[in-house]
Structure formats: C-alpha cells, structure tokens
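# Observations on the model geometry
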Amino acid sequence: MAVWDDVVGQDRVTAQLAAAARDADALVSAEQAGPRPAPGEAPSSADPGVASQMTHAWLFTGPPGSGCSTAARAFAAALQCVSPDRALGGGPGCGFCDGCHTALIGTHADVEIVRTDLLSIGVKETRDLVRRSSLSPSGGRWQVIVLEDADRLTEGAGNVLLKAVEEPAPRTVWLLCAPSVEDVLPTIRSRCRLLSLRTPPVDAVADVLVRRDGIEPDAAGRAARATQGHIGRARRLATDERARARRAAVLKLPLRVDDIGGCLKAAQELIDAAGEDAKQVAEEVDTKETEELRAALGAAAGTNGRLPRGTAGAMKELQDKQKRRSTRTQRDSLDLALVDLTGFYRDVLALQMGASVPLANDEVRDSVQRIATASTPERTLRRIEAVIACREALDRNVAPLLAVEAMTVALRAG
C-alpha cells in the first residue's frame, strides 16, 4: 500500500506531492553520489503541468476533516523512502520500507510530528522545534518537521518560526497544516508552497472506512454522510457508541426550543455534555501524567507521597497545562455539537428549497421535515447564522454558557 492511499479524494494534491518527492529523492541521491546540483538542475519525472520542484516549506490548508495532517505525514514518509524499487524507476512512498513505515507510525528519528491538545503553541515549544530543525538528518534522507496545528501558534511563536522557515538548514523540510492561509502569519505563508485540500467526497470517505478500518459498508456510509466527508469524525461516529449518542441528543435540540425554559435547559445540557467529555479525557490522561511526574520528581508512591523541596513549580506547570487541555477539550466538544446542529438546519433548508442533495441526517428525517414545514427558508438561514455566531463567540472567549444560551434563544425566534 503506497503512502498516498490514505489521502482521500485529493488527486491533484497527491500528484504534486508525489512529483516533489521524486525531485527530493533525486536531490539527495545526487548529493550522495557527488557534488550537489545547482538549483533548478534536479531531474524530475513530474508532468510538465504539475508543480513538482522540491522546496523547503509547505503549507497544507483545507477544511476540518479534509486530511491535511494525513497528507503531510504521507509526504514525510515519501521523503524518507528507501525502497530499492526507486532504482528501477519506482516513485518514493512505497509504504512498506523502513523509512515509510516508521515515518507513518511516528517513530522515525528524523520526522518530528507536532500536535497540541492545548489552546495554543507557545514560544518555548517553537524554539525547541527550531533547534531541532537546525540538525542534520541522523539516519534518514531529510529532517522533516510536521506542525499539525500551525494555526495555534501565538504571534510570538510565529515570529520565532519565521527565521527557521526563511533560512532553513540544507536538508530540513517544514510541513505546516492549518484550516486556511489566513490562520498563518503572512510572512510565514509567503515562504511556503501552498497546497489546498478540499472536503473529500462522501463515497470516498465511506470506502476508506471500509478498507482501512474494517467498518461495515452500511455503517460507513451513514457515518460518512452524517459528517459530510470529515474523515476523523466519520471514523469516530462509526466506532464510538458514545459519539453516536451525543450526536443523537444534539439533533433533538431544534425540537426543544419552543419556550425560554426549553432554550435555557438545552443550552445547559450542551455545556454539561462538553464538560463531561473534558472530564473523561482528564480521567484517562491527567492521573497518569501526575503520577509519572511525581515519580520522576522523587515523591513516594501514592497520592499522599510528599514532594521534595523545590519541585512545586513543576507540579504547578503540569496542572496549568492540564487545565488548558481541559478547556480545549470542552470547546472542541461543544464546537462539534454546533457543527452537527448546523448540518441539521442545512437539511431543513434543503427540504424547504426542494434541493436534490441527500440529507446528512436522514435518520431524523421526520424531525427535519417537521421543522421545515413549520418555518421558512429565511428563518432557517437566520438560525444557521445564530449557530455560526455562537462558534465565533466561543473563539473570542465568550463564556460558553452565555454564548450557547444566546444561540438557543435565537433558534427559537428564528
């Protein structure tokens, strides 16, 4: 299986990356064989109409679920490919050799994959990455830094990264992922080659769920249709009963906002559900992290073991990190509910306008039909705008309960 097989519905992007990987392979092979060729002299097997020349910095953009990080990982693996088939004319990225395999699973010594479960990536973490990027490859063909959450860089962190992207080490490649180019500093994106991914087709997502995850075709089709091509959410919906239960509860909300009391109760339940998600993550991760740090600091086993002097600061730093992670988990869970709610009203609008598109939420068609009959397209659009306004308010750090209460009241008014 080639490394590109999991890059779903992105044929144009895959062609560009495969061509760049061939050029990168030619550059390294020529350097190992003798003097490095001058820029522009590297051989290329790319089609003339495809931008194929290798470059040191790439920016992958696309809507959530489009597979930006998957494409970046696949490219990183292709850059490290050591398959003997390359000498026979095969393209790098076989998916089977040691370079491809270790890069894909995240254990390659020269591939650093950076993601965060916090609200932002700060200056300290970015400086560590910059130091890492200045090193020569220890055993692979390239030093590759995959930054999956480039949109979460603080302004200071972005300025730290700029110098490394502007003047990289000879065999270092930066792969940045963000929802859109506007989420990255202009000075950084101007130094990157842009690859824009699209939302993959529903059928393609269903196919990869069946092929890669062994999900039954009917369940895969329902999950892909419900998430409108979001690969990660589709997989979670098809495999996690709790995710299906949460989504079913969200889809009942439009029928529960007939009065102010129902609006306030529905808002509180959404917040409580998001808080429960954050609590579950904390239970799974925080206790283990705390015990590991206590053991590393020399505390006695068990929760009552006293910490040595001078280690309280390390514990406080961990607690702050866990608090920020809990906040992000709660926001992400709440945002996911709002996306599902937007999809519901999208189906309502489709029925009202007589559109021939399939419903994303066909399992609740009766509810969708009921709301569509009782309102107008104009009211539905205002409700979609209310959900979008709630998401924007949460991005601006408005108190979640206030933002969601304002939304539910607006949904009632239409």
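The structure presented is a predicted model; accordingly, all values stated were derived computationally and were not measured.

### Quick notes on a negative patch on the surface
Taken together, the side chains of Asp 272, Glu 276, Glu 283 and Glu 284 present a region of like negative charge at the surface. Positionally, Glu 284 belongs in helix α11 (residues 260-297).

### Regarding the packing of α11 against helix α15 (residues 400-413)
In the contact formed by α11 and α15, the axes pass within 8 Å of each other and the chain directions differ by 140°. Classed by the angle they form, the pair α11 and α15 counts as oblique. Crossing geometry of α11 relative to α15 is assigned as right-handed. Residues Ile 260, Cys 263, Leu 264, Ala 267, Gln 268, Leu 270 and Ile 271 of α11 touch α15, and the partners they reach there are Pro 400, Leu 401, Val 404, Glu 405, Met 407, Thr 408, Val 409 and Arg 412.

### Section: the pattern of salt bridges
Per the stated rule, a full pass over the model turns up 25 salt bridges. The residue Glu 112 makes a salt bridge to Arg 132 at a minimum N-O spacing of 2.6 Å. In this pair, Glu 112 sits in strand β2 (residues 111-114) while Arg 132 sits in helix α4 (residues 123-133), placing the two residues 20 residues apart along the sequence. Judged by its relative accessible area of 27%, Glu 112 is partly exposed. For Arg 236, the salt bridge is made with Asp 240, and the minimal N-O distance between the two is 3.9 Å. When its relative accessible area of 38% is taken as the criterion, Arg 236 is described as partly exposed. The exposure class of Asp 240 is buried, given its relative accessible area of 19%.

### Description of the pairing of strand β4 (residues 172-178)
Here β4 lies mainly inside the structure; seven of its seven residues are buried. Across the two faces of β4 the burial is the same, with Thr 172, Trp 174, Leu 176 and Ala 178 and Val 173, Leu 175 and Cys 177 all buried. Taken together, the five bridges between strand β1 (residues 57-61) and β4 define a ladder with parallel strand orientation. Bridge assignment links Ala 57 to a residue of β4, and that residue is Trp 174.

### So, the environment of Ala 223
Structurally, the position occupied by Ala 223 is in helix α8 (residues 217-226). The exposure class of Ala 223 is buried, given its relative accessible area of 3%. For the pair formed by Ala 223 and Val 202, sequence separation is 21 residues and the distance between their alpha carbons is 9.1 Å. Excluding residues that lie within four positions of it along the chain, Ala 223 makes contacts with Leu 209, Ala 234, Leu 237 and Ala 238.

### So, the sheet that holds strand β3 (residues 143-147)
Spatially, the five strands line up as an open sheet ordered β2-β3-β4-β1-β5, and their pairing is parallel. The open sheet has two free edges, formed respectively by β2 and β5 (193-196), since each of these has just one partner strand. Taken pair by pair, the neighbouring strands of this sheet meet at an average axis angle of 15°, ignoring direction. Across four bridges, β2 lies against β3 in parallel orientation.

### Considerations on the side chain of Arg 152
Along the chain, Arg 152 turns up in the loop between β3 and α5 (155-166). Here Arg 152 occupies a buried position and makes no salt bridge, while the nearest side chain of opposite charge, Asp 332, is found at 4.1 Å. Setting aside chain neighbours within four positions, we find Arg 152 in contact with Thr 116, Leu 118, Leu 119, Ser 120, Ile 121, Arg 328 and Asp 332.

### Examining the pairing of β1
Counting buried positions along β1 gives five out of five residues, so the element sits mostly inside the fold. Burial along β1 is two-sided: Ala 57, Leu 59 and Thr 61 facing one way and Trp 58 and Phe 60 facing the other are all buried. Across four bridges, β1 lies against β5 in parallel orientation. Its bridge partner lying in β5, Phe 60 is registered against Leu 195.

### What about the side chain of Gln 352?
Relative to the assigned elements, Gln 352 resides in helix α12 (residues 312-353). A distance of 3.2 Å separates a polar atom in the side chain of Gln 352 from the backbone oxygen of Ala 372. There is a polar contact of 3.0 Å between the side chain of Gln 352 and the side chain of Ser 375. In this structure, Gln 352 is in contact with Ile 371, Ala 372, Ser 375, Thr 376, Pro 377 and Thr 380, ignoring residues within four places of it in sequence.

### Focus on helix α10 (residues 241-251)
The periodicity of an α-helix, 3.6 residues per turn, causes residues three or four places apart in sequence to face the same way. Within α10, the full set of buried residues consists of Ala 243, Arg 247, Val 250 and Leu 251. For α10, the arc enclosing every buried residue in end-on projection is 95°, short of the 170-degree limit, so these residues lie on one face. Structurally, α10 contributes buried residues whose contacts are with α8, α9 (231-239), α11 and α12. Structurally, the start of α10 carries an N-cap: the backbone nitrogen of Arg 242 is 2.9 Å from a side-chain oxygen of Asp 240.

### Side note on the nonpolar core
Leu 17, Met 54, Trp 58, Phe 60, Phe 75 and Leu 175 are the most contacted members of the largest nonpolar core, which totals 38 residues. Only α1 (11-33), β1, α2 (68-79), α3 (98-105), β2, β3 and β4 provide two or more residues apiece to this core. No other element matches the nine residues that α2 contributes to this core. What Trp 58 contacts, discounting residues up to four positions off in sequence, is Leu 17, Ala 20, Gln 53, Phe 75, Val 173, Trp 174, Leu 175, Leu 176, Cys 192, Arg 193 and Leu 195. Counting residues in each nonpolar core, the second largest holds 31 residues, with Ile 271, Phe 344, Tyr 345 and Leu 394 among its members.

Cut-off values and rules
Residues numbered from 1 in each chain as written. Predicted model: local features only at pLDDT ≥ 70, side-chain atom pairs only at ≥ 80, totals over all residues. Heavy atoms only, no water. Patch = residues over 30% accessible without salt bridge, like charges linked within 9 Å, V, L, I, M, F, W, Y side chains within 5 Å. Areas by Shrake-Rupley, 256 points an atom, 1.4 Å probe, with all protein chains shown as cover. Salt bridge = Lys/Arg side-chain N within 4 Å of Asp/Glu carboxyl O. Lys, Arg positive; Asp, Glu negative; His and termini not counted. Charge placed at Lys NZ, Arg CZ, Asp CG, Glu CD. Helix = DSSP H or I, 4+ residues; strand = E, 2+ residues; numbered from the N terminus. Axes fitted to C-alpha atoms, helices over the stretch in contact; angles between N-to-C directions. Parallel < 35°, antiparallel > 145°, perpendicular 65-115°, else oblique. Left-handed = near helix turned anticlockwise from the far one by under 90°. Contact = heavy atoms within 4.5 Å. Buried < 20%, exposed > 50% of the residue type's maximum accessible area, 1.4 Å probe, protein only. Pairing = 2+ DSSP bridges. Polar contact = N/O pair within 3.5 Å; in protein donor to acceptor, adjacent residues only side chain to side chain. Arc of directions from axis to C-beta. Core = buried A, V, L, I, M, F, W, Y, C linked by side-chain atoms within 4.5 Å.

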